[in-house]
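# Examining the three-dimensional arrangement
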Amino acid sequence: MKTIEVDEELYRYIASHTQHIGESASDILRRMLKFTAGQEIQTPAKTSAVPAEKSAVVANTPRDRVRAVRELLLSDDYADQTKAVNRFMLILSTLYNLDPKEFAVATDSLHGRTRTYFAGDQQTLLQNGIHTKPKHVPGTPYWVITNTNTGRKRSMVEHIMQLMQFPVELTDKVCGTL
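Computed from a predicted structure; not experimentally measured.

For the rest of this paragraph, the subject is the environment of Tyr 96. By secondary structure assignment, the location of Tyr 96 is in helix 6 (residues 84-98). In this structure Tyr 96 touches Phe 103, Gly 139, Thr 140, Pro 141 and Tyr 142, once residues within four positions along its chain are discounted.

Right, let's talk about helix 4 (residues 62-74) for a bit. In an α-helix, one turn spans 3.6 residues, which is why side chains three or four residues apart end up on the same side. Compared with an ideal rise of 1.5 Å per residue, which puts 13 residues at 18 Å, helix 4 spans 19 Å between its outermost C-alpha atoms and is within 8% of the ideal. If you check which residues of helix 4 are buried, you get Arg 65, Val 66, Ala 68, Val 69, Leu 72 and Leu 73. The buried side chains of helix 4 occupy one side of the element, clustering within an arc of 160 degrees when seen end-on. In helix 4, the exposed residues that point more than 90 degrees away from the buried face are Arg 63 and Leu 74.

Here we come to the nonpolar core. Core analysis: the biggest nonpolar cluster contains 36 residues, and Leu 95, Phe 103, Phe 118, Ile 160 and Phe 166 have the highest contact counts within it. Sorting the residues of this core by element identifies helix 4, helix 6, helix 7 (100-108), strand 3 (118-119), strand 5 (143-145), helix 9 (150-163) and helix 10 (168-176) as the ones contributing at least two each. In terms of residues, this core owes the most to one element, helix 6, which gives eight residues. In this structure Ile 160 touches Leu 92, Leu 95, Phe 103, Ala 106, Thr 107, Leu 110 and Phe 118, once residues within four positions along its chain are discounted.

About the thresholds
Residues numbered from 1 in each chain as written. Predicted model: local features only at pLDDT ≥ 70, side-chain atom pairs only at ≥ 80, totals over all residues. Heavy atoms only, no water. Helix = DSSP H or I, 4+ residues; strand = E, 2+ residues; numbered from the N terminus. Contact = heavy atoms within 4.5 Å. Expected span 1.5 Å × (residues − 1). Buried < 20%, exposed > 50% of the residue type's maximum accessible area, 1.4 Å probe, protein only. Arc of directions from axis to C-beta. Core = buried A, V, L, I, M, F, W, Y, C linked by side-chain atoms within 4.5 Å.

By themselves, these figures tell us nothing about what the structure is for.
Shown next, in the form of structure tokens:
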């Protein structure tokens, strides 16, 4: 991967086009330029195929996922959250965006004795209790109950991160911020 320097104004412009937490500048630029890895690049002199670099081939390596979660924890948006429920929602949104399929598997197996914690709609959660305070997880098709105590929220995040195979140290760190 190559590094380029951009001025502050251009950086803010690129960052303003972020669609989800953890999205890299390369991903944003690829989307904005409608460019994909291995795509032929048109130049004034000639057309040539540019081979994709190894780092561009695997977009969602375990290292990238860990980096994205660490970036979330260090982000201003996360730091600005004063309520555990808001941090909880940011974490869930990030985990979903990193791997929707693994997130689905992890949440399908997550429920309480009498409650469903995650569902595709608000009504499903309300059927298991009218005081569950369901909220939509931003950027996902999921709804989650939010009237659980912070310990239960930590337990839910821990379960999801374990099934998504995040390192134990990172999982503990994330749960410690709730």
